[in-house]
Amino acid sequence: MSLKNSENGVDSSFETVEKEEDEVQMNLDHNAVPLQQLVDFSDAFSSNEIFCSRDALIEWARNVGKRNGFVIVIKRSDKGDSRKARVTLACERGGTYRHAKNNSNVEALNRKGTGTKKCDCPFKIIGVKLTSNDDWSVKVVCGFHNHRAAKQLEGHSYAGRLSDGEKTILSDMTKNLVKPRNILLSIKNHDEYNVSTMKTIYNARHKHRLLNTAGRSQMQQLMKQLNEYLFWAHPTSIQLLNAFCGVLIMDCTYKTNRYRLPLLEIVGVTSTNLTFSVAFVYLEAERVDNYTWAMEKLQSLMFADRLPDVIVTDRELALMNAVRLVFPTTTNLLCRWHISKNVLANCKKLFERKEKWEAFMSAWSVLVFSSKEDDYERNLRSLTTDYYTYPGAVKYVTESWLIPYKERFVAAWTDKVMHLGNVTTNRAESAHAKLKRHLGSSQGDFDSSWNVINALIELQHTEIKASFERSISVVEHQFNNAMFKELRGMVSRASLNMILMEFKRATQVEIDKEICGCVNRTSYGLPCAHELAELIKEGRTIPLDSVHSHWRKLDTVTDNVS
């Protein structure tokens, strides 16, 4: 961007802007926006500089907006046929939502997933072309924003648009059939401030579809290396771990490296219900001392007051013992899916008829999902009575699972634990499958494996940041009910969806705790149906402090200092 020194007479270029300033002031007075909600950024956007072109002025304004956490867009452009050429810039959240002609009905507005960023933000600056050459100057008409500055811009589609240079990179790499995830990584490697997401790349590839490539510079390796190069944790993953440490899922996978070492993958869950990788641990063997070493390394990454409440594993006894030794106050739940697979493998062969086997598995599922201890006892008696002719199956499920481990997987006990909906290791299993698809081979060394792992989690972190910003800035129409007033933009959309489901139950449950069950409160830390029924009866909104802090966390910033 080229700039020239300002000269005398610049202010005369803005005589026609005074009227717009008065109009904006009248709008502010008319809307009666509370002063505490208005944030003045006039100083940041005020400048006496003369810009050498319209594009230079727009680039300057957008860069200033980015630095301050706002996305600046062109609201209006006038070529200057009857007056001086000018361009009006505004906040992307300016204006209000306007119904499309075909979507003006209530059902369309309440459709799940739809929402708007528009909040009638009054911010406006105007650039006016001067009489000399192609010089431009800028004036702030209204420097106020009526919303918070964004902490990250990944969720803002306009801020994530590709520049001309980035479009060239995308075009060239598409030509060489480079996968979208690698194209995004390359773009981010060229510009550390790039906030594009995978959706941006898919949309741009759809438009270009050209073939060619430019040499992609190798991505800088960002890795936390601990003890003998076997425990890997990305710096951002450590931040996520300390921000969302409530529930961790652990599971080993195999055939990922030429050394035939088992890989323990540890994952967590964000407030937006996305899975993030915490650490990758190559173990010499699956013994208690190996797992204990891994758990101690994990503990060293965490703040002393932020240890996990729940760790979900399969029945790997060595891992379970290590968890108990290192995290004695943590509840270790067992994966229901793995338990069902074991019951299938050991009991199906004992049934001669398919119908009888399916009936047994149905009774087993009813037993596992018993919501109360009394229901559990009754369902257990029913199972043992109905299938006494199959003693081998009854003995297996009772002696191998129910007697020693029922508190770790039966709903009557697990529903009392804040597991946030994680009662299986499916998140870790999905992470294994994704990792193996990206590795492509089981014969890689540690260096090549880390290149793939690092690339994977970089993309993962981008999507997580984007999900945070969407929860902050986009209000889904289905949450326009006054009950959600305190929660909009303050908690994740994932939690709002769960509260909405309970909200719909509230009319049936009313204030009866027995019917409610309160699972939403005990297992998720969210208002349950009977709580919402009480609020509806009293005409109150859902208070923000009724939502667990996990769901209110929409960034990776932690207050503690390690």
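To be clear, the structure that these remarks concern was listed above.
Residues numbered from 1 in each chain as written. Predicted model: local features only at pLDDT ≥ 70, side-chain atom pairs only at ≥ 80, totals over all residues. Heavy atoms only, no water.

A.B. asks: I tried to follow the pairing of strand β8 (residues 136–142) on my own but got confused; where do I start?
C.D. replies: Along a regular strand, successive side chains alternate from one face of the sheet to the other. In terms of residue burial, β8 counts as a mostly covered element, since six of its seven residues are buried. Across six bridges, the pairing between strand β7 (residues 124–129) and β8 is antiparallel. Bridge pairing links Ile 125 to Val 140 in β8. Hairpin connection of β7 to β8: six residues between the antiparallel strands, including Asn 133 at a positive phi of 50 degrees. (Buried < 20%, exposed > 50% of the residue type's maximum accessible area, 1.4 Å probe, protein only. Helix = DSSP H or I, 4+ residues; strand = E, 2+ residues; numbered from the N terminus. Pairing = 2+ DSSP bridges.)

A.B. asks: Explanation requested: the pattern of salt bridges in the structure shown.
C.D. replies: Oppositely charged side chains can pair when the atoms bearing their charge come close. In this structure the tally under the stated criterion is 13 salt bridges. Between Glu 514 and Lys 372 there is a salt bridge whose closest N-O contact spans 2.9 Å. Taken together, the positions of Glu 514 in helix α19 (residues 513–516) and Lys 372 in the loop between α12 (354–368) and α13 (373–386) put the pair 142 residues apart, joining distant regions of the chain. Among the residues examined, Lys 372 registers a relative accessible area of 39% and is labelled partly exposed. Linking Arg 505 and Glu 502 is a salt bridge whose minimum nitrogen-to-oxygen distance equals 3.0 Å. (Salt bridge = Lys/Arg side-chain N within 4 Å of Asp/Glu carboxyl O.)

A.B. asks: Any chance you could explain the pairing of β7 here in plain terms?
C.D. replies: The buried count for β7 comes to five of six residues, which makes it a mostly enclosed element. Relative to β7, strand β5 (residues 86–91) runs antiparallel, the two sharing five bridges. Bridging across to β7, Leu 89 finds its partner in Ile 125.

A.B. asks: Would you mind showing me how to read the packing of aromatic side chains here?
C.D. replies: Centre-to-centre distance and the angle between the planes together describe a pair of aromatic rings. As enumerated under the stated definition, the model contains 16 aromatic pairs in all. Note on Phe 351 and Tyr 390: the rings are 4.3 Å apart at their centroids and 20 degrees apart in plane angle, and the pair reads as stacked. Of the two residues, Phe 351 is situated in the loop between α11 (336–347) and α12 and Tyr 390 in the loop between α13 and α14 (391–409); the sequence distance between them amounts to 39 residues. You can call Phe 351 buried: its relative accessible area is 8%. With a relative accessible area of 10%, Tyr 390 lands in the buried category. Three or more aromatic residues link up through ring pairs in this structure, and these residues are Phe 351, Trp 357, Phe 360, Tyr 387 and Tyr 390. Sitting above the plane of the Trp 401 ring, Arg 315 keeps its charged end 4.0 Å from the centroid. Sitting above the plane of the Trp 413 ring, Lys 406 keeps its charged end 5.7 Å from the centroid. (Phe/Tyr/Trp six-rings, centres within 6.5 Å; stacked < 30°, edge-to-face > 60°. Lys NZ or Arg CZ within 6 Å of the ring centre and 35° of its normal.)

A.B. asks: I tried to follow the nonpolar core on my own but got confused; where do I start?
C.D. replies: The nonpolar side chains of a soluble globular protein tend to be buried, and buried together. Membership of the largest hydrophobic core comes to 35 residues, with the highest contact counts inside it found for Met 250, Leu 264, Ile 266, Val 278, Tyr 291, Met 295 and Leu 298. Of all the secondary structure elements, the ones that give two or more residues to this core are β11 (231–233), α8 (235–243), β12 (247–253), β13 (263–269), β14 (275–282), α9 (288–300), α10 (317–326) and α17 (446–473). The element contributing the most residues to this core is α10, with five residues. Excluding residues within four positions of it along the chain, Tyr 291 makes contact with Cys 252, Leu 264, Leu 283, Glu 286, Glu 316, Ala 318, Leu 319 and Ala 322. (Core = buried A, V, L, I, M, F, W, Y, C linked by side-chain atoms within 4.5 Å. Contact = heavy atoms within 4.5 Å.)

A.B. asks: Got a minute to help me understand the environment of Thr 556 in this structure?
C.D. replies: Secondary-structure assignment places Thr 556 in the segment after α22 (549–552). Each C-alpha atom, one on Thr 556 and one on Gln 239, is 5.8 Å from the other, the two residues being 317 residues apart in sequence. Within the structure, Thr 556 has its side chain in polar contact with the side chain of Gln 239 (distance 3.5 Å). (Polar contact = N/O pair within 3.5 Å; in protein donor to acceptor, adjacent residues only side chain to side chain.)

A.B. asks: Which parts of the structure should I look at to understand the packing of α13 against α14?
C.D. replies: The description of two packed helices rests on the angle between their axes and on the distance between the axes. For the pair α13 and α14, interaxial distance at closest approach is 12 Å and the crossing angle is 165 degrees. Our classification of the angle between α13 and α14 gives roughly antiparallel. Viewed along their axes, α13 and α14 form a crossing whose handedness is left-handed. Between α13 and α14, the contacting residues are Tyr 376, Leu 380, Leu 383 and Thr 384 on the first element and Val 394, Val 397, Thr 398, Leu 402 and Lys 406 on the second. (Axes fitted to C-alpha atoms, helices over the stretch in contact; angles between N-to-C directions. Parallel < 35°, antiparallel > 145°, perpendicular 65-115°, else oblique. Left-handed = near helix turned anticlockwise from the far one by under 90°.)

A.B. asks: Could you clarify how one ought to interpret the environment of Gly 115 in this entry?
C.D. replies: With respect to the secondary-structure elements, Gly 115 resides in strand β6 (residues 115–116). In this structure the C-alpha to C-alpha distance between Gly 115 and Phe 479, which are 364 residues apart in sequence, comes to 9.1 Å.

A.B. asks: What's the story with helix α6 (residues 180–190) in this structure? I'm lost.
C.D. replies: Each full turn of the α-helix corresponds to 3.6 residues, which orients residues three or four apart in the same direction. For α6, the buried fraction is high: eight of the eleven residues fall into the buried class. Regarding α6, the residues found buried are Pro 180, Arg 181, Ile 183, Leu 184, Leu 185, Ser 186, Ile 187 and Lys 188.

A.B. asks: Explanation requested: the environment of Asp 374 in the structure shown.
C.D. replies: Counting through the fold element by element, Asp 374 comes out in helix α13. Accessibility expressed as a relative area gives 60% for Asp 374, which makes it exposed.

A.B. asks: Can you walk me through the packing of α12 against α13 in this structure?
C.D. replies: Two elements in contact, α12 and α13, have axes separated by 9 Å at closest approach and are oriented at 165 degrees. The pairing of α12 with α13 is recorded here as roughly antiparallel in orientation. Considering only the axes of α12 and α13, their crossing is left-handed. Along the contact surface, α12 presents Phe 360, Ala 363, Trp 364, Val 366 and Leu 367, while α13 presents Tyr 376, Asn 379, Leu 380 and Leu 383. The class makeup of the residues in the contact of α12 with α13 is eight nonpolar, one polar and no charged. (Nonpolar A, V, L, I, M, F, W, Y, C, P; charged D, E, K, R; others polar.)

A.B. asks: How should unusual backbone geometry be read in this particular structure?
C.D. replies: Phi at Leu 420 takes a positive value of approximately 60 degrees, unusual for a residue other than glycine. Positive phi, close to 60 degrees, is recorded for Cys 518, a residue that is not glycine. Considering the arrangement of structural elements, one finds Cys 518 in the loop between α19 and α20 (519–524). Judged by its relative accessible area of 15%, Cys 518 falls in the buried class.

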